[in-house]
Structures are given as structure tokens and as C-alpha cells.
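# Report on the structure
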Amino acid sequence: MNFLEYLNSNIVFLDGGMGTLLQSRGLKAGEYPERWNITHSDIIIDIHKSYYDAGSNVVCTNTFGANILKFDEIELEDIVKNAIANARKAAETSLSNKQKFVALDIGPSGKLLKPLGDLDFEDAVDVFAKTVKLGVKYGADLVIIETMNDSYETKAALLAAKENSSLPVIVSNAYGEDGKLMTGATPSAMVALIEGMGADALGANCSLGPEQLRNVAVELINNASVPVILKPNAGLPRIEDGKTVFDITPEEFADEVCTLVKMGVRVVGGCCGTTPEYIKLLEEKIKDLSPIPIIDKNKTVVSSYTHTVEFGKQPILIGERINPTGKKRFKQALLENDMDYILTEGVNQQEKGVHILDVNVGLPDINEVEMLKNAVCELQTVTNLPLQIDTANPLAMESAIRRYNGKAMINSVNGKKESMEAVFPLVKKYGGLVVALTLDEDGIPETAEGRVAVAEKILETAEVYGISKKDIIFDTLAMTVSADNNAAFATLKSLNYIKNNIGCHTSLGVSNVSFGLPYRDAINGVFFSLCLENGLSAAIMNPYSADMMKTYYAFRALKGLDENCADYIANSETFATTVNTPIAQTQKTPEEYGSELQKAIAKGLKDKAADLTKALLETIEPLDIVNNEVIPALNKVGIGFENKTVYLPQLLMSAEAAKSSFEVIKAYMSNGEKTANKGIVVIATVHGDIHDIGKNIVKMLLENYGFNVVDLGKDVPPETVLGKVVETKAPLAVLSALMTTTVPAMEETIKLLKNDAPWCKVVVGGAVLTQDYADKINADKYAKDAMEAVRYAEEVMKF
């Protein structure tokens with residue numbers, strides 16, 4: 001029986017933690033655990049065997065950090081080869097008679113992907129691909145991608161696994177106390193992305209204990225149509241007698257996980273702090289339970305890097321303004337590669353209340369493949385709305401979908417054989433909700449019956465490609481009534497039939513109906529209302545149109561979709577807004593942000609921030625701009641981040657925009673004096689840890705707040721940290737660690753600093769740290785996120 005067959009009809013038991021067990025067997029601070037596959041294979045085999053004996057079906061190879069960024073190609077191959085052989089040997093010698101599988105374990109790269117970090121998406125795919133290929137070569141049964149705390153890196157790893165193997169792939173993410181990934185994704189957003197790309201199971205691991213992950217697990221169960229994984233920590237870590245221990249007993253762990261299995265979790269195991277004893281008790285408690293059947297949730301969704309938009313609950317608005325058709329200024333922006341204009345249009349439409357942004361950059365005189373990819377990537381730096389990738393060019397479509405961080409809406413496919421053969425493979429590979437136009441080789445049918453027939457043909461073909469009808473949304477094509485009096489009737493009748501008889505959602509470019517008529521918004525608004533009443537799920541529309549927005553809010557109020565008519569009342573004062581108001585007049589008032597520069601920084605508009613700074617320098621002193629414009633904008637975003645209303649990507653892109661402003665100011669100051677120097681901070685990822693994401697985030701924010709940051713990099717020995725602190729007389733050191741195996745190196749570094757540089761305060765942070773842990777290793781401050789580290793730095797240096 002292969003893994004997928006077993007998964008289909010059984011509760012699957014994974015293994016537990018590895019790092020703490022290796023520490024107990026002699027792994028030293030700063031030592032790479034992956035090398036023990038070669039140097040201490042007997043210990044690795046023994047640990048794997050103990051998990052198989054405890055009841056694990058799947059053991060994960062000791063390759064969590066085995067990638068080309070950490071090891072050269074020769075050593076990497078040797079590690080993976082021996083890791084799989086060790087797990088296979090353990091399976092062969094285990095006393096258990098249960099079905100056994102070996103999973104190639106893939107953890108995070110340790111880097112943040114562009115634009116938030118320095119690792120390009122395609123380079124990340126290549127990093128993971130090298131490990132996957134070795135796993136295939138040496139006989140892994142499946143691939144497990146785990147502990148990913150960034151949706152974009154998750155996509156890169158999953159893409160690498162799918163492109164370079166035919167093995168089953170299961171994916172597990174690390175969620176924080178707020179129930180989201182570090183970069184902001186909700187569990188439902190990760191379901192949309194991972195399931196859309198064809199993973200065989202998905203779930204959550206690490207970070208927290210089973211009780212704290214309960215809500216995450218429930219959200220995954222309620223949204224996923226594939227098996228759900230749960231692999232929690234044994235609670236939170238603390239230090240007792242110099243050793244790392246966790247606060248949840250095996251019995252408590254098994255009881256909580258068992259409860260979630262009864263609710264629908266299918267794949268279970270443990271992460272940090274769990275041992276074979278945890279797995280043994282868990283297996284004993286669950287072995288007699290029957291797995292809850294996996295049910296297709298039949299949800300039509302798209303997602304961004306933070307959230308999903310589900311069709312059917314509310315009418316969905318798709319902003320149409322990022323499109324050159326009929327827009328002279330937008331065409332100019334495309335020809336001049338004026339990305340800031342495009343980004344501003346996206347930001348403004350979000351402020352107008354749309355749920356999704358249509359992105360169309362098709363012009364004969366530009367490279368659409370590059371422009372669409374760049375526009376999609378850049379827009380995702382300034383808005384967290386899902387995007388509709390709108391192009392007739394399959395090459396441009398794939399280029400943009402591949403780079404898109406989430407499950408995109410794809411516009412479009414039609415009933416022509418050529419179109420379906422080009423688009424459906426892309427939808428199947430990358431995931432997406434595809435807009436299907438009801439036309440084919442014979443053109444656009446004049447009747448509703450003809451359009452329905454095309455829709456049915458599209459659904460039949462999609463099924464051949466393995467694409468469910470929940471991932472197809474039909475556009476029944478609004479034609480102009482000025483040319484055909486019955487045009488609107490055919491559109492409405494086919495829309496109604498597809499929604500209510502076929503059971504698919506619908507989308508429509510509403511404004512096409514009024515082409516060639518005066519005061520088009522009057523026609524558009526009434527037609528929009530008729531469409532909604534006939535079951536329209538989403539409208540591609542102009543959010544600056546008062547008539548369209550009045551119809552939207554009034555419809556929701558009348559249909560009981562707006563409790564106490566709150567949204568209608570809140571937006572009623574905008575209903576008299578001039579139709580097609582230019583961008584410059586639709587921006588929210590500067591007072592909401594303090595100024596236009598503060599808004600540009602808050603929204604992450606780098607080029608605009610630089611241009612506005614240049615203009616301000618004509619009348620305002622440089623340091624006044626820093627203190628009265630840049631820092632207040634950063635503080636506003638920082639407070640939002642602390643309050644969980646702003647997420648990491650927005651925080652970092654705001655910091656990048658502030659950096660653009662700073663660079664202009666520095667260039668202006670001819671005497672070369674620094675704009676700010678609040679003091680020196682030494683920062684490092686501790687010895688043995690190559691994960692520098694958290695460290696780099698803190699560094700960026702500290703620099704933007706005016707601190708002089710000395711970055712020692714990753715895998716930094718304690719003596720190096722001490723030497724730099726003594727050399728610079730730094731009053732503050734920031735230490736980061738992701739892995740439990742590297743916390744002893746952090747403790748050793750702190751001990752050196754306390755002895756030889758007692759003036760230096762020490763801040764610690766990272767996924768495995770807690771306040772209790774920080775107290776036990778004698779840190780001065782535990783920072784749960786980057787902004788808390790900045791606040792402490794300001795406190796230490798009296799700013």
C-alpha cells in the first residue's frame with residue numbers, strides 16, 4: 001500500500017521532535033544536526049526506530065535544514081542520502097507491524113523572499129528543488145514541507161516539490177498566537193493556496209501547543225477538502241537545570257490532539273519537545289477511532305498573502321481601473337513604466353472598498369510578460385487584496401500566476417479548444433479561480449441557451465484536467481444595449497441559469513452594457529441591480545462611480561446582508577461623488593495620515609515617497625522632515641502592526657518607503673552629516689542557526705528609526721558578538737534564534753556579554769523563545785516581534 005492509499009482510509013501517525021532528543025544525546029551548541037546523519041548514524045537510526053516502535057507510520061528524515069544555502073552540493077547529497085538510509089534502516093528494524101513510510105523533511109530556507117528579503121522567488125524554488133531531487137533519487141516515499149511561516153516561501157517549496165517529483169506532498173505551516181503566519185496569512189488563506197496547488201494534505205505544526213493551535217486546526221478542518229495535519233509542540237519551552245523542557249505532559253498532549261482528531265484532523269504527530277512517549281500515548285488513545293471522512297467543502301475562493309475572499313456570501317466588487325482600455329493616462333504610465341501610478345491606482349481602489357483588483361497591462365508596445373509579472377509583484381507590496389490576473393496571453397498569464405502570492409483569480413478562458421488547452425493546465429498547476437467567458441469558435445451566442453451550452457462544454461473539459469467547477473466562475477458577457485435591445489436579457493437569463501441550475505458562480509464586466517450611450521452610469525447602476533437580483537456573484541466595476549456604489553450598498557441593505565444598514569449609512573455621504581473622479585481627487589484626506597508623504601510611507605509607495613521628500617526639501621529642513629513626517633508615519637504603521645491590523649509585509653514595505661525618503665535626505669545634506677544617530681546596536685543570529693529572517697526584519701526597522709546597526713550576520717559565535725560589542729561600546733545587542741538546538745548558543749553569548757560587557761543590554765527573540773525562556777537565560781528583554789525590539793531600543797537609548 002502506498003502512502004496516499006493509506007492516507008485515504010486511515011489516521012496517519014507522524015513522528016515527534018528531533019532537536020531536543022539530539023541535544024540529550026550530545027549535540028553541541030552551534031553544531032548542525034543534519035551532519036549527524038553521517039557522523040552519528042547509529043543515534044539517528046535509534047531515534048527514528050523509537051518513533052516507529054511508538055506507533056509512527058511516517059518518520060521525517062533528519063533533513064529539516066538540509067539545503068544548498070547551508071551545505072555545498074557534495075555534502076548536501078551525502079546528508080540526504082544517509083538521512084533516507086537511516087530512516088529506512090529504522091523502519092526495517094522496528095518491532096512495529098504498522099505500515100511505515102519515510103518522508104523527506106524540508107524546512108524553511110532561513111531567508112525572507114523578495115521584496116521583503118533578498119532571496120528571489122525562483123532562486124528559492126531552485127534551493128528546494130535540489131533537496132527534492134535528492135529525496136527522489138534516494139527513495140523517499142513522500143515529501144513533507146513543514147514549519148513554513150511565510151506563504152510565499154511555502155509556495156516556492158511546494159512548487160519545487162511538484163515540479164521535480166511525483167511523490168505525495170504534505171505541507172504544514174507554523175502559526176503564531178494570533179492564528180496567522182508571520183507574514184499575515186490566515187489558515188483559510190493557506191488552504192486556498194496549498195490545496196489549489198495540489199498538495200495531498202495540509203496543516204499546522206510547531207510554534208504552540210495543541211490547545212493554542214485548536215482554533216487554527218478548526219479553521220483548517222472547516223475549509224480544507226484534503227486531509228488536515230496537526231503536529232504541535234509539547235507546549236512552551238523553559239529551562240530547568242540547564243536543560244530545555246516543555247510544559248505539556250504526554251497525557252495532556254494526547255488528550256487534546258485526540259479531541260481534534262474526533263473533529264476531523266487526519267494526520268497527527270508532534271514537534272518541538274515531543275518524544276516517542278508522546279507519540280505512543282497518542283497512538284494508544286486514537287488507534288480505535290475511525291477517521292472522519294474527507295468532504296469537499298465546495299467553496300469558491302481566491303486569496304492574497306493575508307486572507308481569502310469567498311464567493312456567494314456577499315456580492316464581490318472587482319476594481320477595473322488597472323486596465324489601459326479607454327484610459328489615456330494609464331496607457332502613458334505603462335509606456336513610461338510608471339509603476340507608481342499603477343500602485344496608487346490599486347491603493348485608491350482598495351480605499352474605495354473593492355475586494356479584488358483586476359490587473360490588465362496589455363498594450364501592443366510593451367513586453368506584457370514582464371510588465372504583468374512586475375505589476376502583480378509590485379501591487380502585492382502595497383495592497384493585500386487578492387488580484388485578478390487579466391490577460392489573453394498565456395505566457396504573460398503563467399509568468400504572473402507563478403509569482404503571485406496566493407490563489408489568484410484568472411481572467412480568462414473561453415470555450416475555444418485552443419483557449420482551454422492553454423489555460424487549464426496553468427490553473428491545474430498553480431491553482432486559481434478561472435473566469436470562463438461563454439463564447440467559443442462560433443463567437444458569442446445571441447441567446448441565453450447558447451451561452452449556457454458553452455458553459456457546459458467548458459465544465460466538461462475542465463473536469464478532464466481535474467479542475468472542479470468550484471474553481472470556475474462564468475462571465476455571461478454583457479453586450480451593449482445600444483446595438484441590441486435584447487442584449488441585457490440574454491446576459492441576465494444565462495447568468496441566472498448558470499448560478500441557480502448549474503451551481504457555478506458568476507462574474508460580469510457590468511459597464512459594457514452602456515457602451516455608446518450618454519450618462520452611462522445610470523444604465524450601469526440599474527443593470528448592476530438586475531444582475532445582482534439574478535444571482536451575480538462578482539462585478540468588475542468602477543469603484544469611483546457613485547451610481548454603482550449606491551446600488552451595491554443599497555442591495556446589501558435590502559437583502560439583509562448589512563446589519564443595521566451600518567455600511568450603507570457609513571458610505572452614504574460618498575454617494576454624490578463625481579463620476580470617474582481623477583485619482584488625485586479620490587485619495588483620502590491627508591489629515592488621516594498627517595500628510596501626503598506620511599500616506600506614501602504608510603502605503604509603501606517608495607518612488608512617491610522619494611518624490612514628495614524632494615519637494616518638501618525646498619521649504620522644510622531635512623531633520624524636520626525626518627522627525628515630523630518619516631518617523632510619525634513609521635510609528636503609525638508600527639502601532640498597526642502591534643495591534644494586528646497591519647501585517648509584516650506592509651510593515652516592511654513601509655520601512656522601504658521610509659528608506660527611500662531617507663536616501664533623498666542624505667543626498668541633499670551636502671555636509672554628509674547623518675540624519676539621525678540614536679546609538680549603536682549589535683545584531684546577530686546565534687551560532688549554529690542559519691535562519692536570519694527575524695534578525696533582518698529587526699535590523700531594517702532599527703535603521704529606519706535612526707539607529708546605527710552593526711549586523712554580524714547568521715551563525716555567529718559568542719566570542720564574535722562580544723568582540724564587536726566591546727569594540728563599538730554598543731549599549732544594546734539583539735540576538736535571534738529559530739531552532740531549539742541553538743538556544744544554548746544564545747545562552748552562552750549572553751553569559752559572555754554579562755561578564756565582559758556588563759553595560760550592554762541584551763534583547764532576544766525568535767520562534768522558540770518565550771518570556772520565561774528569556775528570563776532563564778538572563779536576557780534583559782524578550783521581544784515577541786520586531787516593533788517591540790525597536791521600542792526597547794528607544795527606551796535603552798532614552799529616545
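Just so it is clear, the model here is predicted, and its values are computed rather than measured. (Residues numbered from 1 in each chain as written. Predicted model: local features only at pLDDT ≥ 70, side-chain atom pairs only at ≥ 80, totals over all residues. Heavy atoms only, no water.)

### Things to note about the nonpolar core
The condition that has to hold: Each nonpolar core is a collection of buried residues, namely Ala, Val, Leu, Ile, Met, Phe, Trp, Tyr and Cys, held together in the definition by side-chain atoms within 4.5 Å. A simple rule labels every residue: compare its accessible area, found with a 1.4 Å probe on the protein chains alone, to the largest value its type can have, and call it buried under 20%, exposed over 50%, or partly exposed in between. To qualify as a helix, a DSSP run of H or I must reach at least 4 residues; to qualify as a strand, a run of E must reach at least 2; elements of each kind are numbered from the N terminus. Every residue pair with non-hydrogen atoms within 4.5 Å of one another is taken to be in contact.
Core analysis: the largest hydrophobic core is formed by 218 residues, its most contacted members being Ile145, Val268, Ile286, Phe474, Phe527, Phe528 and Leu536. With ten residues, helix 26 (residues 648-668) is the single largest residue contributor to this core. Excluding residues that lie within four positions of it along the chain, Val268 makes contacts with Ile11, Val12, Phe13, Leu14, Leu230, Val257, Val261, Leu282 and Ile286. If you look at the next biggest cluster of nonpolar residues, it comprises 29 residues, including Val725, Ala757, Leu769 and Ala774.

### Some points on the pattern of salt bridges
Convention followed: By convention in these notes, a salt bridge is any Lys or Arg side-chain nitrogen within 4 Å of a carboxyl oxygen on Asp or Glu.
Overall, the coordinates contain 45 salt bridges when judged by the stated rule. Residues Lys285 and Asp255 are paired through a salt bridge, measuring 2.9 Å at the closest nitrogen-oxygen approach. Of this pair, Lys285 sits in helix 11 (residues 276-286) while Asp255 is found in helix 10 (residues 250-263), placing the two residues 30 residues apart along the sequence. By relative accessible area, Asp255 is classed as partly exposed at 38%.

### Things to note about the sheet that holds strand 5 (residues 169-173)
For the record, the criterion: In this analysis, strands are considered paired if DSSP registers two or more bridges between them.
Strand order across the open sheet formed by eight strands is 1-10-7-6-5-4-3-2, with parallel pairing between neighbours. For this open sheet the edge positions go to strand 1 (12-13) and strand 2 (58-60), each flanked by a neighbour on one side alone.

### Overview of the side chain of Lys695
Checked against the element boundaries, Lys695 lands in helix 27 (residues 693-704). On the accessibility criterion, Lys695 (3% relative accessible area) is buried. With residues up to four places along the chain from it excluded, the contact list for Lys695 reads Ile683, Ala684, Thr685, Asp711, Gly713 and Ser736.

### Regarding the packing of helix 26 against helix 27
What counts, and what does not: Only the stretch in contact is used when fitting a helix axis, every axis being a line fitted to C-alpha atoms; angles between N-to-C directions are given from 0 to 180 degrees. Oblique is the label for any angle not under 35 degrees, not over 145, and not in the 65 to 115 range, which are roughly parallel, roughly antiparallel and roughly perpendicular in turn. Should the near helix be turned counterclockwise from the far one by less than a right angle, the crossing is left-handed, whereas a clockwise turn marks it as right-handed. Throughout, the ten residues Ala, Val, Leu, Ile, Met, Phe, Trp, Tyr, Cys and Pro are labelled nonpolar, Asp, Glu, Lys and Arg are labelled charged, and all others, Gly among them, are labelled polar.
The N-to-C vectors of helix 26 and helix 27 enclose an angle of 40 degrees; their axes lie 10 Å apart at closest approach. Between helix 26 and helix 27, the angle falls in the class oblique. With respect to the hand of their crossing, helix 26 and helix 27 are arranged in left-handed fashion. Along its contact with helix 26, which presents Leu648, Leu651, Leu652, Ala655, Glu656, Ala658, Lys659 and Phe662, the element helix 27 presents Ile697, Met700, Leu701 and Asn704. Looking at the contact of helix 26 with helix 27, its residues break down into nine nonpolar, one polar and two charged.

### Remarks on the sheet that holds strand 23 (residues 732-736)
Ordered in space as 22-21-23-24-25, the five strands form an open sheet in which the pairing is parallel. Edge positions in the sheet fall to strand 22 (708-711) and strand 25 (781-782), since each has one partner strand and no second. Relative to strand 22, strand 21 (residues 680-685) is paired through four bridges, and the arrangement is parallel. Opposite Val681, over in strand 22, you have Val709 as the bridge partner. Packing against the sheet, helix 28 (residues 718-728) makes contact with strand 21, strand 22 and strand 23, and its axis sits at approximately 175 degrees to strand 21.

### Points about the packing of helix 19 (residues 520-533) against helix 20 (residues 546-558)
The contact between helix 19 and helix 20 brings their axes to 8 Å, and the two run at 25 degrees. Relative to helix 20, the element helix 19 is oriented roughly parallel. Along this stretch, helix 19 crosses helix 20, giving a crossing that reads as right-handed. Here Asp521, Ala522, Asn524, Gly525, Phe528, Ser529, Leu532 and Glu533 of helix 19 lie close against helix 20, whose contacting residues are Ala546, Asp547, Met548, Thr551, Tyr552 and Phe555. In terms of residue class, the contact of helix 19 with helix 20 is built from seven nonpolar, four polar and three charged.

### Examining the domain arrangement of the chain
Applied cut-off: Marked domain ranges trace back to an automatic or database domain assignment. Buried area, as used here, totals the accessible surface that two parts lose on assembly, with accessibility defined by a 1.4 Å probe and the loss added over both.
Each assigned domain of the chain is listed here: domain 1 (3-286), domain 2 (301-573), domain 3 (591-668) and domain 4 (680-796). Computed from C-alpha coordinates alone, the two centres of domain 1 and domain 2 are separated by 38 Å. For the pairing of domain 1 and domain 2, the buried interface totals around 1600 Å² over both sides, and the portion due to carbon and sulfur atoms is 44%. Ranking the residues of domain 1 by area buried against domain 2 places Tyr152, Lys155 and Ala192 at the top, with a combined share of 27%. Taken together, the connections running from domain 1 to domain 2 amount to five salt bridges.

### Some words on the environment of Ala422
Positionally, Ala422 belongs in helix 16 (residues 417-430). A C-alpha to C-alpha distance of 34 Å links Ala422 and Leu530, two positions 108 residues apart in sequence.

### Examining unusual backbone geometry
Here the bond from Lys114 into Pro115 is cis, since omega is 5 degrees, no more than 30 degrees from zero. In this fold, Pro115 is placed in the loop between strand 3 (101-106) and helix 6 (121-137). For Asn564, which is not a glycine, the phi torsion comes out positive at approximately 60 degrees. Following the sequence through the fold, Asn564 ends up in the loop between helix 20 and helix 21 (566-571). Relative accessible area serves as the criterion here: at 66%, Asn564 is assigned to the exposed category. In this model, Cys565 sits at a positive phi of 55 degrees, which is unusual for a non-glycine residue. Relative to the helices and strands, Cys565 resides in the loop between helix 20 and helix 21.

### What about the packing of aromatic side chains?
Heads up, the condition is: Here a pair means two rings of Phe, Tyr or Trp (six-membered ring of Trp) with centres within 6.5 Å. Their orientation is stacked below 30 degrees between planes, edge-to-face above 60, and tilted elsewhere.
Across all of its chains, the model carries eight aromatic pairs by this definition. Geometrically, the ring pair formed by Phe3 and Phe101 is edge-to-face, given 5.5 Å between the ring centres and 80 degrees between the ring planes. With Phe3 in helix 1 (residues 3-9) and Phe101 in strand 3, this pair connects stretches of sequence that are 98 residues apart. With a relative accessible area of 4%, Phe101 lands in the buried category.

### Structural notes on a negative patch on the surface
Stated precisely, the cut-off is as follows: Surface patches are defined over residues having more than 30% relative accessible area and no salt bridge, joining like charges when they lie within 9 Å and nonpolar side chains (Val, Leu, Ile, Met, Phe, Trp, Tyr) when within 5 Å. We get accessible surface area from the Shrake-Rupley algorithm with a probe of 1.4 Å; when it comes to residues, only the shown protein chains can shield them. We treat Lys and Arg as the positive residues and Asp and Glu as the negative residues; His and chain ends play no part in the count. By convention, the point assigned to a charge is CZ for Arg, NZ for Lys, CD for Glu and CG for Asp.
On the surface, a cluster of negative charge is made up of Asp247, Glu251, Glu252 and Glu277. Assignment of secondary structure puts Glu251 in helix 10.

### Observations concerning helix 17 (residues 448-464)
In an α-helix, one turn spans 3.6 residues; hence positions three or four apart end up facing the same way. The following threshold applies: By this rule, a helix spans an expected 1.5 Å times one less than how many residues it contains. The arc refers to the directions leading from the helix axis to the C-beta atoms.
An ideal rise of 1.5 Å per residue puts 24 Å on 17 residues; helix 17 measures up with 25 Å between its terminal C-alpha atoms. Taken together, the buried positions of helix 17 are occupied by Ala448, Arg451, Val452, Val454, Ala455, Ile458, Leu459 and Ala462. Take helix 17 and look down its axis: the buried residues cluster within an arc of 155 degrees, on one side only. Along helix 17, exposed side chains directed more than 90 degrees from the buried face belong to Glu460 and Val464. Positive backbone phi, approximately 80 degrees, marks Gly466, located one or two places after helix 17.

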